[in-house]
Amino acid sequence: MIEVQRETAAWTPDDALLARWTSAVVVDPAQEVVLRFVDARESQALNRDYRGKDSPTNVLSFTFESPPGMALPLLGDLVICAEVVEREAREQRKTCEAHYAHMVIHGLLHLQGHDHEAETDAQRMEALEIEILRRLGYDNPYV
């Protein structure tokens, strides 16, 4: 299940696209995820408060951890900055849709424990992203 929060006036993907992308990554359909689309101000505040970086960023992932003894179906929250995604899409000569697909998939993989801190982990995560995006009809985002 997906909860979508749109806190920006910028274009964001519709719920059908978000459901399609999410179902391509999330293995357990009972797991819940929040997709929150925000402006640069909110993204910058969250990035500063949680990562110590005082600038807006494309996607932030917040994994949910159930309290001890409770099994809740919450995977976590993704916070996506529409302004940053739009700017990056222009700079990378991609459509906004394709770049949003990449950011949602990237963030969902983080929520499931993937990261890109070590080079081998980054290569594994990028390969997963490329394969999932290919199955969905999108080009390799790293070319």
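Everything below is about the structure shown above.
Criteria and cut-off values
Residues numbered from 1 in each chain as written. Predicted model: local features only at pLDDT ≥ 70, side-chain atom pairs only at ≥ 80, totals over all residues. Heavy atoms only, no water. Core = buried A, V, L, I, M, F, W, Y, C linked by side-chain atoms within 4.5 Å. Buried < 20%, exposed > 50% of the residue type's maximum accessible area, 1.4 Å probe, protein only. Helix = DSSP H or I, 4+ residues; strand = E, 2+ residues; numbered from the N terminus. Disulfide = S-S within 2.5 Å. Salt bridge = Lys/Arg side-chain N within 4 Å of Asp/Glu carboxyl O.

Of all hydrophobic cores here, the largest spans 27 residues; its most connected members are Trp 21, Ile 80, Tyr 100, Ile 105, Leu 108 and Tyr 138. Only α1 (15–23), β2 (32–38), β4 (74–81), α3 (82–91), α4 (96–111) and α5 (119–135) provide two or more residues apiece to this core. No other element matches α4, which puts eight residues into this core. Counting residues in each nonpolar core, the second largest holds seven residues, with Ala 40, Leu 46, Cys 81 and Val 84 among its members.

Here the focus is the state of the cysteines. Under the criterion given, the structure shown has zero disulfides. Counting only cysteine sulfurs, Cys 81 is the nearest neighbor of Cys 96, a cysteine outside any disulfide, at a range of 12 Å. What makes Cys 96 partly exposed here is its relative accessible area of 26%.

Okay, the pattern of salt bridges next. Inspection of the entire model under this criterion finds nine salt bridges. Notably, a salt bridge pairs Asp 49 with Arg 48, separated by 3.3 Å at the nearest N-O pair. Here Arg 124 and Asp 121 are joined by a salt bridge, their closest N and O atoms 3.0 Å apart. Linking Arg 124 with Asp 121, this pair stays in helix α5, spanning three residues, or about one helical turn. Each of the salt bridges in this network shares a partner with another, and the network as a whole consists of Glu 7, Arg 36 and Glu 42.

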